[in-house]
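The lines below spell out each chain.
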Amino acid sequence: MLLGGIFGTLITTTVQQAISTRERIRADHKALVQARLATVHEAFSLLGRMIGTAEDLMVSTGPEYSLDRFTDPQERKETVDQVHAIHRDYNTVDRRWRSARYSYALLLAYYHPGRLAVSERWAALTDAAGEYVSCARSWAVANAKHGAYDGSCDDRRRAVDASILQFSEAIVEGDGSAPVPGPTAAGPD
């Protein structure tokens with residue numbers, strides 16, 4: 001009887017430890033997945049803001065922002081304020097993008113170990129985005145006297161869109177390759 005009680009306690013302890021280990025592994029995996037998602041979300045959000053503010057910069061040179069259109073001093077002031085706000089927003093996001101894109105590269109590599117395609121496609125995406133933003137900025141400077149956007153940067157924008165798709169494929173590729181341990185039909189591990 002005493003021996004049966006000792007073996008029973010040993011078996012119960014072993015099963016409880018296995019369950020505890022499995023739960024800890026699940027929690028760690030869940031935290032890793034959440035960190036991956038947060039990093040990708042933050043990186044894409046900032047990238048989207050960078051692309052959007054670059055587009056706003058080009059739009060702000062269009063004829064609808066020409067001060068020659070306005071005779072009312074208040075409307076002129078509101079238009080000037082709006083253009084200044086667009087430029088401030090662009091400058092703020094540009095500074096943030098330039099300082100964060102390398103951090104995102106490191107985090108993406110860290111959270112996707114052994115998946116070189118993620119890092120390579122992130123680098124290609126940031127290069128394409130940089131070329132598009134540079135084109136948009138140059139176009140806006142060259143056409144500051146209210147020229148209507150002529151599509152000069154459209155090819156670079158399409159390159160960004162293609163790079164986003166390729167990066168997204170690299171992120172999705174291989175996800176789920178490390179299943180979360182769980183109970184099997186045979187019972188606990």
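Everything quoted here is computed from the prediction, not taken from an experiment.

Student: Outline the overall build of the chain, listing residues and values.
Tutor: From N to C terminus, the chain includes four helices and zero strands. If you list the helices and strands of the chain from N to C, you get α-α-α-α. Among the 189 residues that make up the chain, the fraction classed as buried is 28%. Across the chain, every contact between residues at least 6 apart in sequence was considered, and the portion connecting residues at least 24 apart equals 80%.

Student: Can you break down helix H4 (residues 154-172) residue by residue, with the values?
Tutor: Spanning 19 residues, H4 covers 27 Å between terminal C-alpha atoms, matching the ideal 27 Å at 1.5 Å per step. Where H4 is concerned, the buried positions are Val160, Ser163, Phe167, Ala170 and Ile171. Buried residues of H4, seen end-on, are gathered within an arc of 95° and therefore sit on one face of the element. Across from the buried face of H4, at angles greater than 90 degrees, the exposed residues are Arg158, Leu165 and Val172.

Student: Can you lay out the state of the cysteines for me, pointing to particular residues and giving the numbers?
Tutor: Under the defined criterion, the tally for this structure stands at one disulfide. Between the sulfur atoms of Cys135 and its disulfide mate Cys153 the distance is 2.0 Å. On the S-S bond that ties Cys135 to Cys153, the torsion sits near -90°, and the link is left-handed. Of the two residues, Cys135 sits in helix H3 (residues 116-142) while Cys153 sits in the loop between H3 and H4, which places them 18 residues apart along the sequence.

Student: I'd like a description of the side chain of Thr53, backed by residues and values.
Tutor: Its place among the elements puts Thr53 in helix H1 (residues 2-59). Of the residues examined, Thr53 reaches a relative accessible area of 3% and is grouped as buried. Apart from the residues within four sequence positions on either side, Thr53 is in contact with Asp89, Tyr90 and Val93.

Student: Explain the packing of H3 against H4 residue by residue, including any values.
Tutor: It is the contact of H3 with H4, at a shortest axis distance of 8 Å, that shows an interaxial angle of 160°. As summarised for this structure, H3 and H4 are arranged roughly antiparallel, according to the angle between their axes. Remark: the crossing between H3 and H4 carries left-handed chirality. Between H3 and H4, the contacting residues are Ala117, Val118, Arg121, Trp122, Ala124, Leu125, Ala128, Ala129, Glu131, Tyr132 and Cys135 on the first element and Arg156, Arg157, Ala159, Val160, Ser163, Ile164, Gln166, Phe167, Glu169, Ala170 and Ile171 on the second. Of the residues contributing to the contact of H3 with H4, the split by class is 15 nonpolar, two polar and five charged.

About the criteria used
- Residues numbered from 1 in each chain as written.
- Predicted model: local features only at pLDDT ≥ 70, side-chain atom pairs only at ≥ 80, totals over all residues.
- Heavy atoms only, no water.
- Helix = DSSP H or I, 4+ residues; strand = E, 2+ residues; numbered from the N terminus.
- Buried < 20%, exposed > 50% of the residue type's maximum accessible area, 1.4 Å probe, protein only.
- Contact = heavy atoms within 4.5 Å.
- Expected span 1.5 Å × (residues − 1).
- Arc of directions from axis to C-beta.
- Disulfide = S-S within 2.5 Å.
- Axes fitted to C-alpha atoms, helices over the stretch in contact; angles between N-to-C directions.
- Parallel < 35°, antiparallel > 145°, perpendicular 65-115°, else oblique.
- Left-handed = near helix turned anticlockwise from the far one by under 90°.
- Nonpolar A, V, L, I, M, F, W, Y, C, P; charged D, E, K, R; others polar.

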